[in-house]
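# Chain and residue survey
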Amino acid sequence: MNIEVKNITKQFGAFAALKDVSLGIKSGELMALLGPSGSGKTTLLRIIAGLEWPDAGQVFFNGVDVMSMTVRSRNVGFVFQHYALFRHMTVFENVAFGLRVRKGPDRASEAQIKERVMKLLNLVHIGWLADRYPSQLSGGQRQRVALARALAIEPSVLLLDEPFGALDSKVRKDLRRWLRRLHDELHVTSILVTHDQEEALEVADRVVVMGDGRIEQVGTPAEIYDDPATAFVHEFIGESVMLPVKVEGGAVELNSHGLKLDARGAPEGPATFYARPDDFRIAELHAQHLRGRVTGVRRFGATRRLDVEIDGKNGPAHIETSFPAGFDPRVGDEIGLYPERYRVFAKPETGS
Ligand code: ADP
Ligand code: MG
């Protein structure tokens with residue numbers, strides 16, 4: 001089932017939660033919606049599910065406008081962080097619920113229900129817990145039951161809103177890897193909402209980065225990390241080294257040492273130079289390189305890392321980079337640095 005979201009706008013009173021959001025999700029894809037709290041992820045997911053209606057815009061499933069369809073007829077399965085299991089029902093009955101409430105010709109026989117529920121419980125590796133009650137399960141096991149329950153109706157689309165948000169980090173990591181393997185088996189078109197970049201980048205085929213009710217970028221995890229489209233994405237994902245600069249004649253000057261770099265299309269005027277800490281190569285100390293002072297030398301196993309403070313008119317910036325064998329830096333040394341990779345974004349009108 002492919003999903004097309006077209007020009008969705010949603011206001012809550014005077015507050016614009018979604019501002020002209022358009023997005024395509026391919027059939028069988030696992031897409032992550034990633035963004036800080038309040039960026040509109042849940043609202044977008046609820047609109048796709050049919051739990052919330054936009055002020056303007058449409059959602060299409062396989063080209064069909066679903067705006068007038070209910071949750072049930074859209075055939076979506078969902079797992080929310082706080083979407084509780086039925087406490088008075090066993091694990092088996094929780095998963096069977098969606099099948100039992102069906103009416104008419106869709107209604108499965110008791111034998112079919114039993115077979116399907118046990119198959120699902122085994123798929124999520126909790127077949128042995130079928131007779132337990134939710135209170136007898138760990139948080140991770142409960143979320144597996146919630147997922148089995150969502151899958152029971154054979155949804156065309158699976159929507160997951162911070163499904164592992166309440167679990168501790170070790171369990172989260174195990175569950176997200178397991179979710180990825182499960183998706184590879186089932187290929188249900190899935191949307192995973194998370195504010196955890198590691199989770200999104202590790203699990204998803206593609207990631208939608210949202211900020212303040214808008215889509216900032218859509219891309220594969222590698223594209224998002226290596227080629228951030230906006231200052232927001234650069235700052236939100238991974239670590240950023242930022243230096244205030246000014247674009248003049250299509251170039252930016254770093255430090256007061258005369259290193260000039262192409263501004264890569266950024267408009268003339270105040271801007272910010274962005275790089276990842278790893279994007280710097282250690283270079284000789286001369287005018288064409290950035291100057292920095294070593295503030296720490298550390299090693300983790302085979303990797304040696306250097307903490308460097310960049311000086312100059314742009315103010316100090318801290319970078320952490322690996323360095324080649326044979327180079328023996330000491331704290332206090334002055335060294336040269338060259339950014340192998342960087343971007344320049346115009347300074348936003350407000351905020352940082
Ligand atoms: P996210 O899931 O990215 O944290 P949400 O989609 O839940 O963001 O919310 C986006 C913004 O819309 C938030 O500022 C939130 O307070 C607001 N919002 C969400 N639902 C409602 C609602 N029912 N009434 C009023 N404001 C809401
Ligand atoms: Mg949310």
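Along each chain, residue indices are assigned from 1 in the same order as the chain's sequence is written. Chains carry letters from A onward and ligands carry numbers from 1 onward, assigned in written order. Thresholds applied to this predicted model are a pLDDT of at least 70 for local features of residues and 80 or more for the giving and counting of side-chain atom pairs; totals over whole chains, interfaces and linings are not thresholded and use all residues. Where side-chain values are given, they derive from all heavy atoms of the structure, hydrogens and water being excluded.

Further remarks concern the overall build of the protein chain. Think of it this way: any DSSP run of H or I at least four residues long counts as a helix, any run of E at least two long counts as a strand, and we number them from the N terminus. Assigned secondary structure in the protein chain consists of 9 helices and 20 strands. Residue exposure (1.4 Å probe, protein chains only): buried if accessible area is under 20% of the type maximum, exposed if over 50%, otherwise partly exposed. Out of the 352 residues belonging to the protein chain, those deemed buried represent 48%. Contacts in the protein chain between residues far apart in sequence, at least 24 positions, make up 65% of those at least 6 positions apart. Seen as two clouds, the 45 positive and the 46 negative side-chain charges of the protein chain have centres 6 Å apart. Contact between two residues is taken to exist if any of their heavy atoms lie within 4.5 Å; hydrogens are not considered. Residues scored as positive are Lys and Arg, those scored as negative are Asp and Glu, and His as well as the terminal groups of each chain are ignored. Taken as the charge location is NZ of Lys, CZ of Arg, CG of Asp or CD of Glu.

As a further point, take the site of ligand 1. Here a residue counts as near a molecule or strand whenever at least one of its heavy atoms sits within 4 Å of it. Every residue close to ligand 1 is listed here: Phe12, Phe15, Ala17, Pro36, Ser37, Gly38, Ser39, Gly40, Lys41, Thr42 and Thr43. By the criterion applied in these results, polar contacts are pairs of N or O atoms within 3.5 Å in which, for protein atoms, one can donate a hydrogen and the other can accept it, and in which residues neighboring in sequence qualify only through two side-chain atoms. One of the backbone nitrogen or oxygen atoms of Gly38 is found 2.7 Å away from an oxygen atom of ligand 1. A distance of 3.0 Å separates an oxygen atom of ligand 1 from a polar atom in the backbone of Gly40. For ligand 1, whose free accessible area comes to 560 Å², the fraction covered by protein is 58%. The element best represented in the shell around ligand 1 is helix 1 (residues 41–49), accounting for 3 residues. For the shell around ligand 1, the residue count by class is 4 nonpolar, 6 polar and 1 charged. Using the Shrake-Rupley algorithm and a 1.4 Å probe, accessible areas are obtained, with residue cover drawn only from the displayed protein chains. When residue character is reported, Ala, Val, Leu, Ile, Met, Phe, Trp, Tyr, Cys and Pro are called nonpolar, Asp, Glu, Lys and Arg charged, and the others, Gly included, polar.

Our next topic: the pairing of strand 2 (residues 15–25). Sheet analysis places strand 1 (residues 3–12) next to strand 2, joined by 7 bridges and oriented antiparallel. Counterpart to Lys10 in the pairing with strand 2 is Leu18. When DSSP finds two or more bridges between two strands, those strands count as paired. The turn linking strand 1 back onto strand 2 is made up of 2 residues, and Gly13 within it adopts a positive phi angle of 60°.

All right, on to the sheet that holds strand 1 then. Strand order in the open sheet formed by 4 strands is 2-1-4-5, with antiparallel pairing between adjacent strands. Of all strands in the sheet, those with a lone pairing partner are strand 2 and strand 5 (64–65), marking the two edges. Running at roughly 120° to strand 1, helix 1 makes contact with strand 1, strand 2 and strand 4 (56–61) of the sheet. Only the stretch in contact is used when fitting a helix axis, every axis being a line fitted to C-alpha atoms; angles between N-to-C directions are given from 0 to 180 degrees.

Take helix 4 (residues 110–123) next. In this model, helix 4 (14 residues) spans 20 Å end to end at C-alpha, consistent with the 20 Å of a helix rising 1.5 Å per residue. Listing the buried residues of helix 4 in full gives Ile113, Val117, Leu120 and Leu121. For helix 4, the angular spread of the buried residues around the axis is 100°, confining them to a single face. When the buried face of helix 4 is taken as reference, the exposed residues oriented beyond 90 degrees from it are Ala111, Glu115 and Lys119. The inward-facing, buried residues of helix 4 contact helix 3 (91–100) and helix 5 (139–152). Each helix should span, by expectation, one fewer than its residue count multiplied by 1.5 Å. Relevant arc is that of directions from the helix axis to the C-beta atoms, nothing else.

Our focus in this paragraph is the sheet that holds strand 13 (residues 259–262). Read from one edge of the open sheet, 5 strands run 13-12-11-14-20, paired in antiparallel fashion. The open sheet has two edge strands, strand 13 and strand 20 (343–346), and neither has a second partner. Looking at each pair of strands side by side, their axes are set apart by 40° on average, direction ignored. Pairing of strand 14 (residues 269–275) with strand 20, which is carried by 4 bridges, proceeds in the antiparallel orientation.

Attention shifts here to the pattern of salt bridges. By convention in these notes, a salt bridge is any Lys or Arg side-chain nitrogen within 4 Å of a carboxyl oxygen on Asp or Glu. By the definition in use, this model includes 22 salt bridges. Measuring nitrogen to oxygen at the nearest pair gives 2.5 Å for the salt bridge that ties Arg206 to Glu29. With Arg206 in strand 9 (residues 206–211) and Glu29 in the loop between strand 2 and strand 3 (30–34), this pair connects stretches of sequence that are 177 residues apart. Residue Glu29 is classed as buried on the basis of its relative accessible area, which comes to 6%. Note that Arg100 and Glu110 form a salt bridge whose closest N and O atoms lie 2.8 Å from each other. One end of the pair, Arg100, is in helix 3; the other, Glu110, is in helix 4, and 10 residues separate them in sequence. For Arg100, a relative accessible area of 24% gives the class partly exposed. When salt bridges with common partners are traced through the structure, they connect Lys173, Arg176, Arg177, Glu198 and Glu202 into a single cluster.

So, on to unusual backbone geometry. Phi is positive for Asn62, close to 45°, though the residue is something other than glycine. Relative to the helices and strands, Asn62 resides in the loop between strand 4 and strand 5.

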